[in-house]
Each structure stands twice: as C-alpha cells, then as structure tokens.
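Here's the letter readout for the chains.
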Amino acid sequence: MVGMTAFPVCLHGTSELANAYCATSSQLPGEACAAVAEEGDTSPATLILCRACGHELAFGTDINHVHSRLALSSRNDTLIGGRRVNIQLFENPHGHQFEVITFRKADVTQHWPADKHFSWFPGFSWTVATCPRCKTHLGWAFQPSDWPDMITKATFEDSTHTFLALIIDRLLREDFASSLLVTPKSFMS
C-alpha cells in the first residue's frame, strides 16, 4: 500500500509503453486516448513502476486476480484507478512474508527453471521475477506445474495460464511518483 495513492495523471505520449497502449486501444479517430485520465480521476491504465529504479512494468489494467487458498490473508484495497484490487499475504519457508498483487503480464525478467516446491498457488510452478533494469527482486512468475521447467518468455506471455505475483512494496504508481516532484517556490514567479 505504501505509495499507492490515487492522483490524476495523463499517460498519453509520456512513454513508449503508454504509446503502445494508445495504439492498441479501440479508440476512433478524433477520440481521446483511452489512457488519459479525467480531471480528479485516475485511469486504470496508470503505469506501475519498479520502486527502485522507475522502470515501467505494467498497466493497472494488467492486474488479474488469481486466488490462492494458501494465502495467510486476503484483502481488497482501492489502488489502481479507483478499482478494488485483491492483495494476498504469503509466507515463504524461511518465514518472510510478502503482500502480492497478481498480474496477467508485466515487463519483468523471469529466471528459469521453474520450481514445483513450496508454491503458493497449487498446480503452478514458480520462478523469480526481477526488474529488467535494476535487477531488484519484484516477485514471482507462475506457470502450470505440468509444463516444462524451462520455457520461453514468448510462451509465458502468450499463455492464458500464466501470471505474476508482484510484491506490493516494490511497486510504485507513475502518478504517485510524479506527485513527489515539486517545483520549489523560489522557481515560481
């Protein structure tokens, strides 16, 4: 939850990832880009960034809840564009706890081979997911356990049976990060 508050933002043209979203949206010529937020509202297309380096990881629209009966707890929170997002708490065998949000896709590096042991999602194998820019551990990528331990990134991304669980404390919303940049009063006329 830290750093995940809502502020208005316009994503149109601010990045390669935002431009890709605009190009694939179903807008008609002359219509506003689907990534543009209304005044006082945040678009569900808000970019999710790596908290360590600011790398663009995903859009809020990439969030896809995958429930696990092994979660220690589960709660809903308003995080992305006013949407209710499910946050699950898990504990690894070493006693470290992580609050995660599940995503359908994100720009992360997956480190195969996948491991079938100690999976938080029964029927799925996991592999570590890191930021492609700064290599910070962001969470885990999950694939069906009956798949080979080594798959290609394209196979992972093209499948509807794969997902990522990213640690909420390692993520940052682009609009929140932008709100932290303030022009000093001495520079204002």
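Asks: Before we move on, can you summarise the overall build of the protein with the specific residues and values?
Replies: When its secondary structure is counted, the protein shows 3 helices and 10 strands. For the protein, the succession of helices and strands along the chain, N to C, is α-β-β-β-β-β-β-β-β-α-β-β-α. Expressed as a percentage of its 189 residues, the buried residues of the protein come to 44%. Sequence separation of at least 24 residues holds for 55% of the intrachain contacts in the protein that already meet a minimum separation of 6. As presented, the protein carries roughly 10,100 Å² of accessible surface, and 56% of it is formed by carbon and sulfur atoms.

Asks: Summarise the nonpolar core; cite the residues concerned and give the values.
Replies: Core analysis: the largest hydrophobic core is formed by 23 residues, its most contacted members being I101, F103, V108, L138, L164 and L166. Breaking this core down by element, the ones donating at least two residues are β1 (47-50), β2 (56-59), β4 (83-91), β5 (97-103), β6 (109-115), β8 (137-144) and β9 (163-167). If you look at the next biggest cluster of nonpolar residues, it comprises 12 residues, including V66, F90, F163 and I167.

Asks: Residues and numbers for the sheet that holds β1, please.
Replies: If you walk across this open sheet you meet the 3 strands as β2-β1-β10, and the pairing is antiparallel. Of all strands in the sheet, those with a lone pairing partner are β2 and β10 (171-173), marking the two edges. Pairs of neighbouring strands in the sheet enclose a mean axial angle of 35°, with direction left out of account. Both β1 and β10 contribute to a ladder of 3 bridges, which runs antiparallel. Across the sheet, residue I48 finds its bridge partner in β10, namely R173.

Asks: Account for the environment of L47, with residues named and values stated.
Replies: With respect to the helices, strands and loops of the structure, L47 is situated in strand β1. Taking C-alpha positions, L47 is 9.7 Å from D62, a pair spaced 15 residues apart along the chain.

Asks: Break down the environment of V128 for me, citing the residues and quoting the values.
Replies: Within the secondary structure, V128 is located in strand β7 (residues 124-130). The partly exposed category is assigned to V128, whose relative accessible area is 27%.

Asks: If you had to explain the pairing of β7 to someone new, which residues and values would you point to?
Replies: Strand direction decides the pairing type here: β6 and β7, joined by 4 bridges, are antiparallel. When the sheet's bridge partners are listed, T109 is paired in β7 with T130. Two elements, β7 and β8, share 7 bridges in a ladder whose sense is antiparallel. Bridge assignment links F124 to a residue of β8, and that residue is P144.

Asks: Could you give an account of the layout of surface pockets, naming the residues involved and the relevant values?
Replies: For the second largest pocket, the calculated volume is near 220 Å³. Forming the walls of the second largest pocket are N92, P93, H94, F98, D115, F118, W120, W126, V128, H137, W140 and F142. Looking at the lining of the second largest pocket residue by residue, the class counts come to 8 nonpolar, 3 polar and 1 charged.

About the thresholds
Residues numbered from 1 in each chain as written. Predicted model: local features only at pLDDT ≥ 70, side-chain atom pairs only at ≥ 80, totals over all residues. Heavy atoms only, no water. Helix = DSSP H or I, 4+ residues; strand = E, 2+ residues; numbered from the N terminus. Buried < 20%, exposed > 50% of the residue type's maximum accessible area, 1.4 Å probe, protein only. Contact = heavy atoms within 4.5 Å. Areas by Shrake-Rupley, 256 points an atom, 1.4 Å probe, with all protein chains shown as cover. Core = buried A, V, L, I, M, F, W, Y, C linked by side-chain atoms within 4.5 Å. Pairing = 2+ DSSP bridges. Axes fitted to C-alpha atoms, helices over the stretch in contact; angles between N-to-C directions. 1 Å grid on protein atoms, 1.4 Å probe; cavity = no way out; pocket = protein on both sides within 12 Å on 5 of 7 lines; lining within 4 Å. Points joined across faces, edges and corners; volume = space filled by probe spheres on them. Nonpolar A, V, L, I, M, F, W, Y, C, P; charged D, E, K, R; others polar.

Keep in mind these values describe shape, not function.
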